[in-house]
Amino acid sequence: MENTRNIALNSSSSATQSGLDDDLDSSTNALNHDSSGALNPLEQATNAEKLTHVTLYSAPLVIPVTGPLLIDGAIAVSGSRVIHVGTREWVLKVLREQLSSSAQVEERRWKGVITPGLVNAHTHLQYTNMREVGEGHYANFRGWADGFNVVYEQLQHQPGSIWRDSAFDGARQLVENGVTAAADIVTDPEAVGALASQGLHGIAYWEVMNWDNQDWQTAGVPALMEQIGAMRQQRIPSIGISPHAPYTLASEPFVELPDIARQLNMRLHIHLAETPLEAGGDGTTLTTYSAATWNNRDWESYKALKNAGMDASAIQFLDQLGSLGPDVHIAHGVWANAEDRRILRQRGVGVALCPRSNRITVTQKDAPLREYLEEGNLLSVGTDSLSSSPSLDVLDDVSMLWDLAREQGYDRPDLAHRLIRMMTLGGAAVMGLHVGPGRLGQINAGAPADLAFFDIPVETHSPADVEHTLEVLVRQGAGTNRATVINGRLAYNRNAFDAAEEPAPAAH
Ligand SMILES: [Zn+2]
C-alpha cells in the first residue's frame, strides 16, 4: 500500500526550504541517537528532541473539534499521546525543528476525514445478543419492555458466559465504528469488563433497579456494596452507578445512590424522561413555585406522586431529591419540557440522545432537539443497545438527529458542526471526561491519541465545499469508519493503512 511511508527529517535549514515532497523518503532515517527510554509528560512537553518515533496521521480534512477545521491536516502521535496537530505543512516544520535527526517519523496518509474517536454516550453492551428484541414491533413502551424481559430471562438460563461474550462482541463493534469511549450500563457482573477488553475509554455503570424503600436498606445497599467491591477487586478501570429509572426505583434509592456514588467519586447515569409517564405539565412555571405543593412531604416514589395527581415531571422529582448534578448524565430526555430543560442546564446535567431507540421502544415522542440546541443544553449521542436499536454505530443516530432537527425547524447553518461536537466532545463532557490528562473527544497536544478515520469524499476547494463534506459526514458517515486509534494504538484497520492492528493491552 502506498499510504504508509517514513519521512526523513532533516534539520538543516536548506532542506527545510526544499519543499515538502523532498522530505518524503522511502526509507527510515535512523542516524546516531542518544535518546533513552520513555519520557514523562513534563519531559515530553518540553523535550520533543528526545522522541525516537513519531506517527504522523494526515488527511485532506482533520476535525480537531477543540480547534478550527484543518485542510490538509496532520496529527503527530508519540506513544499514547498527541504531540502536535495542525496543517501537515506546519506539523512537519515543527517536527523538523524539534526532533533529533535520528528520530523516525512514519506517515500514515488517509484519504478521507479524521475526527477524534467517537463517544457512544449511552449503550448496554451486554445486550448485543438481543437483536431479536430490537427487530420487533411494539404497541407501546410496556410492550417493548415485556418483549425484552422474555428474551432476557431465556438468555439468563443459557450455559456459559453469555453476557460476557455478548458484551465483548459489542465492545468490538464500537471499535469498528470509530468509537473510542462509551457509557456502558452493566446489569450482570460478568459483562463489566467489556470496555476494558478493547482498551476503550469511558465508564462501566453498574445498574441498580427494582428496589422499593423497605428492601433498599436491608438488601439493596449491601448488594450494591458487594458488587462495587468485586468490581474494584477486578480492577475495572472506571466504574459508575446507574440508578435505572424513576419507574423501577423508589425514592430512597434515588436519594442514597447519588450520595454513595459521590462519596466514592463515581459518576451517575440515569434513564430519565424516556417514557410518557415521566412527563410533567406545561412546564412554564419555575419548579420553585410548582413544587411548593408537593415537596414538603416524603413521597414513596415518583409513581405515588403522580397517582396523587401532581403533574411534576420525573426530572423535577429527581431534582427535588438532590439526585441531579454535573456528575450525572441522563439517557433519552424525550419528555423534557421547558422547565425540565432549564433544570438540566442549571444542574449541569448532560443528555445522551438515542433517537432510533426511542422509535423502537415507542416513547411516543422524539426528543425536543430544536429546543435543546437553541437553548444550549449539553448534548451527546448514544446508540442504546441492540435490544432497541439496529446498530452500535453512533453515526446512524447522528444522521437521524440531522433529520429531526430540520423537521423540528432548526434552520441554523451550524447543524453539522453541532452534531460533530455532540458525537465527540459532547459525549466526553457528559461523562466528565473532557478535561484533564485523560481528556477525550478532541485532538490536541497532550491528549490521548484517540482517532477515527471516515471514508467519505472530501471537497475543500471552497468553504461551501468544506461545509458540504461535514454534512456528508453526519448524514452518510455511518458504516464508513475504516480505522480506529485508541491511546495511540491502531485498534482497528480495515485496509486504511499498511500497518498491523495492535491488540488491546490485557485488562487487569
Ligand atoms: Zn438504555
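Residues numbered from 1 in each chain as written. Predicted model: local features only at pLDDT ≥ 70, side-chain atom pairs only at ≥ 80, totals over all residues.

**Observations regarding helix α7 (residues 162–176)**
Every α-helix winds through 3.6 residues per turn, so residues three or four apart in the chain are directed the same way.
Alright, step 1. Across its 15 residues, α7 extends 21 Å between first and last C-alpha, which sits within 8% of the 21 Å expected from 1.5 Å per residue.
Alright, step 2. Here α7 has its buried residues at W163, S166, A167, F168, G170, A171, R172, Q173, L174 and V175.
Alright, step 3. Where α7 is buried, its residues touch β7 (118–123), β8 (179–186), α8 (194–197), β16 (481–486) and β17 (489–493).
Alright, step 4. Two residues or fewer past α7, G178 is found with a positive phi of approximately 85 degrees. (Helix = DSSP H or I, 4+ residues; strand = E, 2+ residues; numbered from the N terminus. Expected span 1.5 Å × (residues − 1). Buried ≥ 20, exposed ≤ 12 C-beta atoms within 10 Å, placed from the backbone. Contact = placed C-beta atoms within 7 Å.)

**Examining the nonpolar core**
Alright, step 1. By size, the foremost hydrophobic cluster in this structure holds 143 residues, and its most contacted members are V54 and I75.
Alright, step 2. Here this core gets 9 residues from one element, more than from any other, and that element is helix α18 (residues 415–430).
Alright, step 3. Domain assignment of the residues forming this core places at least three in each of domain 1 (4–116 + 442–493) and domain 2 (118–430).
Alright, step 4. With residues up to four places along the chain from it excluded, the contact list for V54 reads A76, V77, S78, I83, L95, L99, A103 and V105. (Core = buried A, V, L, I, M, F, W, Y, C linked by C-beta atoms within 7 Å. Domains from an automatic or database assignment.)

**As for the UniProt feature "domain: Amidohydrolase-related" (unreviewed entry) in the protein**
Alright, step 1. Mapped onto this numbering, the UniProt entry annotates "domain: Amidohydrolase-related" (unreviewed entry) at residues 113–469.
Alright, step 2. Segment residues 113–469 splits into 42% helix and 15% strand. End C-alpha atoms: 9 Å apart. (UniProt positions renumbered as here; feature names shortened; annotations may be inferred.)

**A short note on α18**
Alright, step 1. Over its 16 residues, α18 extends only 19 Å from the first C-alpha to the last, a length that falls short of the 22 Å expected when each residue adds 1.5 Å.
Alright, step 2. Approximately 45 degrees is the largest bend angle found in α18, and it occurs at M422.
Alright, step 3. α18 sits mainly inside the fold: 13 of its 16 residues count as buried.
Alright, step 4. After α18 finishes, the residue G432 shows a positive phi value of roughly 70 degrees. (Bend = angle between axes of the 7 residues up to and from the residue.)

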